[in-house]
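# Results of the structural survey
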Amino acid sequence: MKKISLLLVFLGFIGLQVVLAQTRDITGTVTSTEDGSTVPGASVVVKGTTVGTVTDMDGKFTLKVPQGAKSLEVSFVGMTNTEVLLTNAANYQVKLEPENISVNEVVVTALGISKEKKALGYATQGVKSEELNRAANPSLSSAMQGKVAGVEVRPQSGMPGASSQIFIRGARFFSGNNNPLYVIDGLPIASTNDYAQGVTGTDFSSRSVDIDPNDIESINVLKGQAAAALYGMRASNGVIIITTKSGKQAKGKPVVTLTTNYTADKISRLPELQQNYGHGFNGAFAAVNSNSWGPKLENIQNSKTVFYKNTTTSAINFDGVNINPGETLYLGGANHGNPNMYYSGQAAKWLPVQPYNNAKEFFDVGGTTSLNLNVSQAGEMGNYSVGVGNTKQTGIIPSTGMDRMSFKATADMKMNDMFKVGFSANASNVSIDKVPSGNDSYLFGVFGAPITYNLRDIPYHIAGNDYVQTSYRVGSVGDNPYWATKNNKFNEATRRFFGNTYIQFDPVKWLSFKYQFGGDFYETDQEEIWQMGLAKAGGTIPSSYVPPIKTLPSGGKIVNRAYVYRNYNSLFIATARGKLMDQLNGEIVVGNELNDEYGRSFWMQGTGLQVPGWNNIANATTQVATESKNTDRTVGFFANGSLDWKGMLFLNATGRYDVVSSMPRNNRGFFYPSVSLGWLFTELEALKGQSTLSYGKLRGSYAEVGAAGTYMNPYYATGGSGSGFITDGISFPLGGVSGYIPTTSIYDPNL
């Protein structure tokens, strides 16, 4: 009977985080079997879902478990994962065992060089595919969060496609690039934002969002400078080495894997608001005011606050109440036969007096759906893996979302005993819908709304004109968030391809030559529509709505950005390894790398829109545009030598000399050395087989790395570093010490 090796995993790893049925609360404590101490930060997840939590500083956790859940998966870095069966108990005591370290584990280090983990004299840490995708995170940065010691992930926000800053052992620069170098299948790629992020406007996504975590087989983070020195100046912030799925494990017939996930996002907590006072200040009602210290709710229906006095010669109807000439419209409905109500000029009707939870009503339940198909196979001649995936994400803020299509293909083929060839190709198409953040955030209008203002149900524009807002306040932060999400548009669309191909020649067992050539190409288009009527774009919000007003919209702006990026990478490596003498092995690697980058940026802004709803920059009365180009080339020569004595003492030394185009002639070269030593002392005969100490290692390293920067003519201005706020940051002179930075501005000395 033939063995069926076709593997079809349909609708696997389904993570339904929406709890639609009954749930129950459970508690527990996670401790270590080694010494009984509690384990803070351990992950506790309901198996088969993404419902989970982490333990607190005392190792304790509380979790709402869906009906029908069978078990919990408990994990922590450096400890063995444990599955706990769920019973009717309400409290669980979970014990984790320290993970046995495999001394023969092989990891990928700088420039794709594979080494046994025990031979490393510097710090690295890996993350496998299963752990990376356990919670079905749609972005690489969020998938890495909390999984690697010493790596800090700072997401800009919770919006789909939001940028993230990743710091390996902290930041190194007050200003400038603190991002690590990303290397995928041996190819360094761009991962930073196309534009610098300020405290206004929209967030610019990091290019790591183009990478689908489902395509990744493993990640290895090079933390120390000695680990990353072979990459030269680009690795001054550390290196994240990503290996994609190659199909090497799928031996035999083709293996087809289909996976899908769904996760739901719901805002976890909201601020508690007072429920006693309406909008206004010092006990007095104000129709257009963001304060919530007006009259008490029970007094509003009887309020004699003058809303409008009819000075015309005819009656005016206010939602069924006629106000004759000389009569007064009062705030309180009880004065006009409408008890427990008040008159709203924005709604142009009588509304009930009650508190509203505007923040709760504004946020949606977000969701992420991913579908991935992969076909892989391995045989005597080589292996291949082909995958396609789609991720759709909707945010908790209306009008936000992300749609990513991705494709990848890798293959390795053994031509004969001497030659091996292969390639890796990745393509993606990402579209992200965003909203402004920082000082332009819509949340000012959400959280600032008075409790008696029904932000959701009161029309967000005046009757008969969709482009004149109604709001509870005026000014640049008075924009109605419902109007803004309906009429504004902020989209970022990126089309990207990166990949490489290689040929490897092994003339004898101890000698190998490899040449690799690759490229990274993408185009990003960004469109921002700040619609006519938006206060932040020069529009006007009425300060009064009684009697019903008629006005024309104003303001508005359109911003178009485009960024084109191209990077070529050429890499040649020669490796010789062998036995130098009894119980002493050695390896030497020499090579050359050329990296050529090109970037071109376009920016155009139009202000003063004329026709509402016509989202074309030709609609603007004033238009300005800029264009910039930059090129950067680095040529590097490197060498790596390592010695291994008895499989327990390891010496490694590297050196790299980089020549960069961004510095002046005759001063473009930089040398980066490193040396590391590791001693696996548990391999001593006297300590082998000890149960109390199964693995022990001492290591030390020294390295020099740095960033060249971009040379500018010697013109300087007073330096500093700030966050964008008025009183924040560092300014010089500082403590009596002056500081200056290069500037591109040259001033006329005769002025």
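Residues numbered from 1 in each chain as written. Predicted model: local features only at pLDDT ≥ 70, side-chain atom pairs only at ≥ 80, totals over all residues. Heavy atoms only, no water.

### Description of the environment of Lys70
In this structure, Lys70 sits in the loop between β4 (60-66) and β5 (71-75). On the basis of relative accessible area, Lys70 is assigned to the exposed category, the value being 65%. Along the sequence, Lys70 and Val221 sit 151 residues apart, while their C-alpha atoms lie 34 Å from each other. Every residue in contact with Lys70, bar those within four places of it in the chain, is listed here: Val84, Leu85 and Leu86. (Helix = DSSP H or I, 4+ residues; strand = E, 2+ residues; numbered from the N terminus. Buried < 20%, exposed > 50% of the residue type's maximum accessible area, 1.4 Å probe, protein only. Contact = heavy atoms within 4.5 Å.)

### Overview of the packing of aromatic side chains
A ring pair, where both rings are aromatic, is described by two values, the distance of the centres and the angle of the planes. Per the stated rule, a full pass over the model turns up 20 aromatic pairs. Taken together through their ring pairs, the aromatic side chains of Phe285, Phe307, Tyr308, Phe318, Tyr342, Tyr343 and Trp350 make up a single cluster. It is Arg207 that lies over the ring of Tyr522; its NZ or CZ is 5.7 Å from the centre. Here the guanidinium or amino end of Lys514 rests over the ring plane of Tyr502, the centre of that ring lying 4.7 Å away. (Phe/Tyr/Trp six-rings, centres within 6.5 Å; stacked < 30°, edge-to-face > 60°. Lys NZ or Arg CZ within 6 Å of the ring centre and 35° of its normal.)

### Here's the deal with the sheet that holds strand β16 (residues 239-244)
Adjacent strands of a sheet form backbone hydrogen bonds with each other and so pair up, either parallel or antiparallel. With mixed pairing, the 5 strands of this open sheet are ordered in space as β10-β15-β16-β13-β14. In the strand order of this sheet, the two ends are held by β10 (124-128) and β14 (187-189), each with one partner. Neighbouring strand axes in the sheet, compared pairwise and without regard to direction, differ in orientation by 25 degrees on average. Pairing of strand β13 (residues 181-184) with β14, which is carried by 3 bridges, proceeds in the antiparallel orientation. From the neighbouring strand, Ile184 faces β14, where its bridge partner is Leu187. (Pairing = 2+ DSSP bridges. Axes fitted to C-alpha atoms, helices over the stretch in contact; angles between N-to-C directions.)

### Some remarks on the sheet that holds β5
Spatially, β3-β2-β5-β6 is the arrangement adopted by the 4 strands of the open sheet, whose pairing is antiparallel. Since the sheet does not close on itself, it has two edges, and those belong to β3 (52-54) and β6 (82-85), each with one partner. The average undirected angle you get between the axes of adjacent strands in this sheet is 20 degrees. Pairing between β5 and β6: 4 bridges, direction antiparallel. By the bridge assignment, Ser71 is partnered in β6 with Leu85.

### Topic: the environment of Gly696
Topologically, Gly696 is positioned in the loop between β36 (669-679) and β37 (698-703). With a relative accessible area of 6%, Gly696 lands in the buried category. In this structure the C-alpha to C-alpha distance between Gly696 and Lys304, which are 392 residues apart in sequence, comes to 81 Å. In this view, Gly696 contacts Trp679, Leu680, Phe681 and Thr682; residues no more than four positions away in its chain are not counted.

### Focus: the nonpolar core
Of all hydrophobic cores here, the largest spans 38 residues; its most connected members are Phe307, Phe318, Leu329, Tyr343 and Val546. Taken together, the elements giving at least two residues each to this core come down to β20 (306-309), β21 (316-318), β22 (321-323), β24 (341-344), β25 (349-352), α5 (358-362) and α7 (481-487). Looking at this core element by element, the count peaks at 3 residues for α7. Setting aside residues up to four positions removed in sequence, Phe318 forms contacts with Tyr308, Ile323, Leu329, Tyr343, Trp350, Val546 and Pro547. (Core = buried A, V, L, I, M, F, W, Y, C linked by side-chain atoms within 4.5 Å.)

### What to know about a nonpolar patch on the surface
A cluster of nonpolar residues, Leu580, Met581, Leu643, Trp645, Leu649, Leu651, Val675, Leu677, Trp679, Leu698 and Tyr702, forms a patch on the protein surface that exposes about 1,000 Å² of accessible area. Within the residue set of the nonpolar patch, elements represented by two or more residues are β32 (557-581), β34 (620-645), β35 (649-660), β36 and β37. Here the nonpolar patch gets 3 residues from one element, more than from any other, and that element is β36. For Leu649, the location among the structural elements is in strand β35. (Patch = residues over 30% accessible without salt bridge, like charges linked within 9 Å, V, L, I, M, F, W, Y side chains within 5 Å. Areas by Shrake-Rupley, 256 points an atom, 1.4 Å probe, with all protein chains shown as cover. Salt bridge = Lys/Arg side-chain N within 4 Å of Asp/Glu carboxyl O.)

### Here we look at the pattern of salt bridges
For the structure shown, the criterion picks out 24 salt bridges. Among the salt bridges present, the one from Lys392 reaches Asp403, with a minimum N-O distance of 2.8 Å. Here the residue Lys392 occupies a position in strand β27 (residues 382-394), and Asp403 occupies one in strand β28 (residues 401-414), the gap between them amounting to 11 residues. Exposure remark for Asp403: the relative accessible area of 28% places this residue in the partly exposed category. Members of the salt-bridge network, linked through shared partners, are Arg207, Asp210, Lys434, Glu492, Arg496 and Asp520.

### Focus: the confidence of the model for the protein chain
Fine structural detail should not be taken from predicted coordinates in areas where pLDDT scores are low. Residues at a pLDDT of 70 or more form 91% of the protein chain, whose mean pLDDT is 85. Contacts for the low-pLDDT stretch residues 1-21, under 50 throughout, to residues beyond four places or in other chains number 46 contacts. (pLDDT = per-residue confidence, 0-100.)

### Details of the pairing of β35
Relative to β35, β34 runs antiparallel, the two being bridged by 12 bridges. Pairing of Val635 across the sheet is with Val659, part of β35. Hairpin connection from β34 to β35: 3 residues lie between these consecutive antiparallel strands, with Lys646 at a positive phi of about 60 degrees.

### Concerning the environment of Phe281
With respect to the helices, strands and loops of the structure, Phe281 is situated in strand β18 (residues 280-281). We classify Phe281 as partly exposed; its relative accessible area is 46%. Every residue in contact with Phe281, bar those within four places of it in the chain, is listed here: Asn291, Trp293 and Gly294.

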